[in-house]
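# Observations on the three-dimensional arrangement
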Amino acid sequence: MTSPDPLAEGARRADHFLTLLSTDDAAAGDLLDGIPEVRDLVYLGAGLTAVARSEVRSLPPAQRAQANTRQLRLGLLRDANRDNPEGLRTWLRRAGEEILLIRSQQAIADRVDAAAQERTAARAAAEASGTAAASNAATSR
């Protein structure tokens, strides 16, 4: 029997960890505590990093820049705890929380974008019907 691919296992654990982190904080901590090997913690971290890098691409530029800075700081935390399982667990928890933050920022950006699209559509419809000219004349005085 062949052993599972460590990268695939890390990605699977990352997905499971994120699900737990967003629904059951204690279970997420138990998952991390149940991984004794530094190697397995690092592969979980690689899975989280891949998710964060992928999801940050869809953020608006300012939030993307801020997220990239936070990713660099997480890298420093990881490097400082390279051989310390407990320190790596702290890094993993913060990396997971970073992904949840990225997701919440994306949800806000999506709502703002949808509202802007609705305003643009309303303005275009008003201009097409000729009511925008009267509205603009009233507000420009």
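Everything discussed here concerns the structure shown above.
Now for a quick tour of the structure. (Residues numbered from 1 in each chain as written. Predicted model: local features only at pLDDT ≥ 70, side-chain atom pairs only at ≥ 80, totals over all residues. Heavy atoms only, no water.)

### Section: the overall build of the chain
Secondary structure assignment for the chain yields 6 helices and 0 strands. Seen in sequence order, the chain has helices and strands lined up from the N terminus as α-α-α-α-α-α. A compact globule built from 141 residues should have a C-alpha radius of gyration of about 14 Å, whereas the chain, at 22 Å, is more than 25% larger. C-alpha extents for the chain along the principal axes are approximately 75 × 35 × 25 Å. Of the contacts formed within the chain by residues at least 6 apart in sequence, a portion of 69% connects residues at least 24 apart. Taking the average place of the 18 positive charges on the side chains of the chain and the average place of its 19 negative ones, the gap between the two points comes to 8 Å. (Helix = DSSP H or I, 4+ residues; strand = E, 2+ residues; numbered from the N terminus. Rg over C-alpha atoms; globule rule 2.2 N^0.38 Å. Contact = heavy atoms within 4.5 Å. Lys, Arg positive; Asp, Glu negative; His and termini not counted. Charge placed at Lys NZ, Arg CZ, Asp CG, Glu CD.)

### Section: the side chain of Q105
Tracing the backbone shows Q105 in helix α5 (residues 85-129). With residues near it in sequence (within four places) discarded, Q105 still touches L59, Q63, Q66 and R70.

### Considerations on helix α4 (residues 61-80)
With 20 residues, α4 extends 29 Å between its outermost C-alpha atoms, agreeing within 8% with the 28 Å of an ideal straight helix rising 1.5 Å per residue. What α4 keeps buried is the set A67, Q71, L74, G75 and L77. Each buried residue of α4 sits inside an arc of 160 degrees when the element is viewed along its axis, so together they form one side. Away from its buried face, by an angle of more than 90 degrees, α4 presents the exposed residues P61, L72, R73, L76 and A80. Turning to α4, the residues buried within the fold contact α3 (38-56) and α5. (Expected span 1.5 Å × (residues − 1). Buried < 20%, exposed > 50% of the residue type's maximum accessible area, 1.4 Å probe, protein only. Arc of directions from axis to C-beta.)

### Describing the packing of α3 against α4
Contact geometry of α3 with α4 gives a least axis separation of 10 Å together with a crossing angle of 165 degrees. Comparing their axes, α4 and α3 come out roughly antiparallel. Both α3 and α4 take part in a crossing whose hand is left-handed. Contact residues: α3 offers T49, A52, R53 and V56, while α4 offers R64, A67, N68 and Q71. Residue composition of the contact of α3 with α4, by class: 3 nonpolar, 3 polar and 2 charged. (Axes fitted to C-alpha atoms, helices over the stretch in contact; angles between N-to-C directions. Parallel < 35°, antiparallel > 145°, perpendicular 65-115°, else oblique. Left-handed = near helix turned anticlockwise from the far one by under 90°. Nonpolar A, V, L, I, M, F, W, Y, C, P; charged D, E, K, R; others polar.)

### A few points about the packing of helix α1 (residues 6-23) against α3
Running from N to C, α1 and α3 point in directions that differ by 70 degrees, and their axes come no closer than 7 Å. Judged by the angle between their axes, α1 and α3 are roughly perpendicular. When you trace α1 past α3, the crossing you get is right-handed. Between α1 and α3, the residues in contact are P6, L7, G10, A11, R13, A14, F17 and L18 and R39, D40, Y43, L44, G47, L48 and V51, respectively. A class-by-class count of the residues in the contact of α1 with α3 yields 10 nonpolar, 2 polar and 3 charged.

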